[in-house]
Amino acid sequence: MRRATSTISTAQIVRAPKDILTGLRIELDPKDVTTSGSLVTQFNNTNGVGGSCVQANAASQATLIANHESFANQPVVQFNGSSQAVGKWYDLPDLSALTAGEVFVVLNTDFVYYDAPPPSISYQGLWRIGAGTSTSYNVNTGYIADGFGATSRYIYGLHSPGLRTPHIYNVQSSPNAYSAWVSLQGSVYSNASNVVSFSNTPRVGVSTSTAFNGRIAYLAITDQVQSA
């Protein structure tokens with residue numbers, strides 16, 4: 001996968017070119033969704049494997065915004081859940097057979113960033129893709145705790161400007177190799193003792209107990225780590 005060298009601005013949107021992604025399994029693209037009014041009933045996953053990514057319950061469906069100014073007036077899907085019980089989320093195809101993988105997502109989050117430890121910590125989920133692990137993405141101290149395609153959850157952080165700015169988040173998980181990259185900061189984490197494990201019931205929009213608050217402009221998951 002080619003990695004961008006600049007952050008996303010209101011004048012630019014970065015998208016993953018489909019012709020350079022090898023082993024594309026899941027593609028969540030706001031330009032390719034089925035809606036009921038403004039609610040997204042499913043991501044069609046036209047270029048992925050395993051069928052559409054569905055949410056049949058209207059109360060748990062995220063909202064399509066056709067032109068979002070922070071994403072260069074491109075379409076985004078807005079999630080505004082406050083807990084797993086009232087979150088907005090979508091089931092993804094079974095990924096448990098994967099022995100390696102990579103995720104590429106363009107997003108931003110709604111949370112208050114603190115330079116100093118806040119009076120209380122607020123955790124927000126993003127997805128549940130690693131078997132037995134979940135992701136707290138917009139922790140209000142600026143940290144990410146992710147277990148994408150892994151048995152362990154790794155903790156790493158952004159100290160400025162936080163995760164409200166539209167950005168790219170990229171994670172690779174393979175045997176004895178886990179790495180995370182954020183366009184706001186570059187490489188943020190690596191681990192050389194990673195154990196790969198993907199969920200058979202993955203979801204995006206919620207973790208184990210918390211839900212995502214923010215917008216997703218593009219998400220792709222591949223069944224192998226991409227070349228540089």
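Residues numbered from 1 in each chain as written. Predicted model: local features only at pLDDT ≥ 70, side-chain atom pairs only at ≥ 80, totals over all residues. Heavy atoms only, no water.

### Quick look at the overall build of the protein
For step 1, the next point in the chain: The helix and strand tally for the protein stands at zero helices and 16 strands.
For step 2, the next point in the chain: Taken over 228 residues, the protein has a buried fraction of 53%.
For step 3, the next point in the chain: When the accessible surface of the protein is summed, it comes to about 9300 Å², and 48% of that surface belongs to carbon and sulfur atoms. (Helix = DSSP H or I, 4+ residues; strand = E, 2+ residues; numbered from the N terminus. Buried < 20%, exposed > 50% of the residue type's maximum accessible area, 1.4 Å probe, protein only. Areas by Shrake-Rupley, 256 points an atom, 1.4 Å probe, with all protein chains shown as cover.)

### Digging into the packing of aromatic side chains
For step 1, the next point in the chain: According to the stated counting rule, one finds twelve aromatic pairs in the structure shown.
For step 2, the next point in the chain: Seen in terms of ring centroids, Tyr 178 and Tyr 189 are 6.0 Å apart; in terms of plane orientation they differ by 70°. Their pairing is edge-to-face. You can see Tyr 178 sitting in strand β13 (residues 177–182) and its partner Tyr 189 sitting in strand β14 (residues 186–191), a full eleven residues away along the chain.
For step 3, the next point in the chain: Of the aromatic side chains, those joined through ring pairs into one cluster are Trp 127, Tyr 137, Phe 148, Tyr 169 and Phe 198.
For step 4, the next point in the chain: Of note, Arg 203 hangs over the ring of Trp 89, and the distance from its end group to the ring centre comes to 3.7 Å. (Phe/Tyr/Trp six-rings, centres within 6.5 Å; stacked < 30°, edge-to-face > 60°. Lys NZ or Arg CZ within 6 Å of the ring centre and 35° of its normal.)

### Here we look at the side chain of Ser 174
For step 1, the next point in the chain: As for its position among the elements, Ser 174 is in strand β12 (residues 167–174).
For step 2, the next point in the chain: Residues within four places of Ser 174 in sequence aside, it is in contact with Thr 99, Ala 100, Asn 194, Val 196 and Val 225. (Contact = heavy atoms within 4.5 Å.)

### A look at the environment of Phe 212
For step 1, the next point in the chain: Among the secondary structure elements, Phe 212 is positioned in the loop between β15 (198–204) and β16 (213–222).
For step 2, the next point in the chain: In this structure the C-alpha to C-alpha distance between Phe 212 and Asn 80, which are 132 residues apart in sequence, comes to 6.4 Å.
For step 3, the next point in the chain: The residues touching Phe 212, leaving out its near neighbours within four places in the chain, are Phe 79, Asn 80, Gly 81, Leu 107, Asn 108, Thr 109, Gly 125, Leu 126 and Gly 205.

### Details of the pairing of strand β8 (residues 101–109)
For step 1, the next point in the chain: Counting buried residues in β8 gives nine out of nine residues, a clear majority hidden from the surface.
For step 2, the next point in the chain: Burial of the side chains of β8 extends over both faces: Gly 101, Val 103, Val 105, Leu 107 and Thr 109 are buried on one face and Glu 102, Phe 104, Val 106 and Asn 108 on the other.
For step 3, the next point in the chain: Inspection of the sheet shows β8 paired to β12 by seven bridges, in the antiparallel sense. Of the residues in β12, the one forming a bridge with Val 106 is Ile 168.
For step 4, the next point in the chain: Judged from the eight bridges that link them, β8 and β16 form a sheet pairing that is antiparallel. Bridge pairing in β16 links Glu 102 to Thr 222. (Pairing = 2+ DSSP bridges.)

### Re the confidence of the model for the protein
For step 1, the next point in the chain: With 79% of its residues at a pLDDT of 70 or more, the protein shows a mean pLDDT of 83.
For step 2, the next point in the chain: Here residues 1–15 is modelled with pLDDT under 50, and outside its nearest four sequence neighbours on either side it reaches 47 contacts, counting other chains as well.
For step 3, the next point in the chain: In the predicted structure, residues 116–120 sits below a pLDDT of 50 and forms three contacts with residues beyond four places in sequence or in another chain. (pLDDT = per-residue confidence, 0-100.)

### A short note on the pattern of salt bridges
For step 1, the next point in the chain: Scanning the model with the defined rule gives two salt bridges in all.
For step 2, the next point in the chain: The residue Asp 223 makes a salt bridge to Arg 25 at a minimum N-O spacing of 3.8 Å. On the criterion of sequence distance, the pair formed by Asp 223 in the segment after β16 and Arg 25 in strand β1 (residues 24–28) is long-range, its members being 198 residues apart.
For step 3, the next point in the chain: Taking relative accessible area as the criterion, Asp 223 reaches 26% and is therefore assigned partly exposed.
For step 4, the next point in the chain: Residue Asp 91 pairs with Arg 203 through a salt bridge whose shortest N-O separation is 3.0 Å. Here Asp 91, found in strand β7 (residues 90–91), pairs with Arg 203, found in strand β15; they are 112 residues apart in sequence, far enough to count as distant.
For step 5, the next point in the chain: With relative accessibility at 33%, the residue Asp 91 sits in the partly exposed group. (Salt bridge = Lys/Arg side-chain N within 4 Å of Asp/Glu carboxyl O.)

### Examining unusual backbone geometry
For step 1, the next point in the chain: A positive phi angle is found at Asn 45, which is not glycine, with a value near 50°.
For step 2, the next point in the chain: In this fold, Asn 45 is placed in the loop between β3 (39–43) and β4 (53–54).
For step 3, the next point in the chain: Backbone geometry at Asn 176 places phi at a positive 60°, although glycine is not the residue there.
For step 4, the next point in the chain: Checked against the element boundaries, Asn 176 lands in the loop between β12 and β13.

### Some remarks on the nonpolar core
Within soluble globular proteins, side chains that are nonpolar generally end up buried alongside one another.
For step 1, the next point in the chain: If you look at the biggest cluster of nonpolar residues, it comprises 39 residues, and the most contacted ones within it are Trp 127, Tyr 156, Tyr 169, Leu 219 and Ile 221.
For step 2, the next point in the chain: Grouped together as the second largest cluster of nonpolar side chains are eleven residues, Val 76, Val 106, Ala 217 and Ala 220 included. (Core = buried A, V, L, I, M, F, W, Y, C linked by side-chain atoms within 4.5 Å.)

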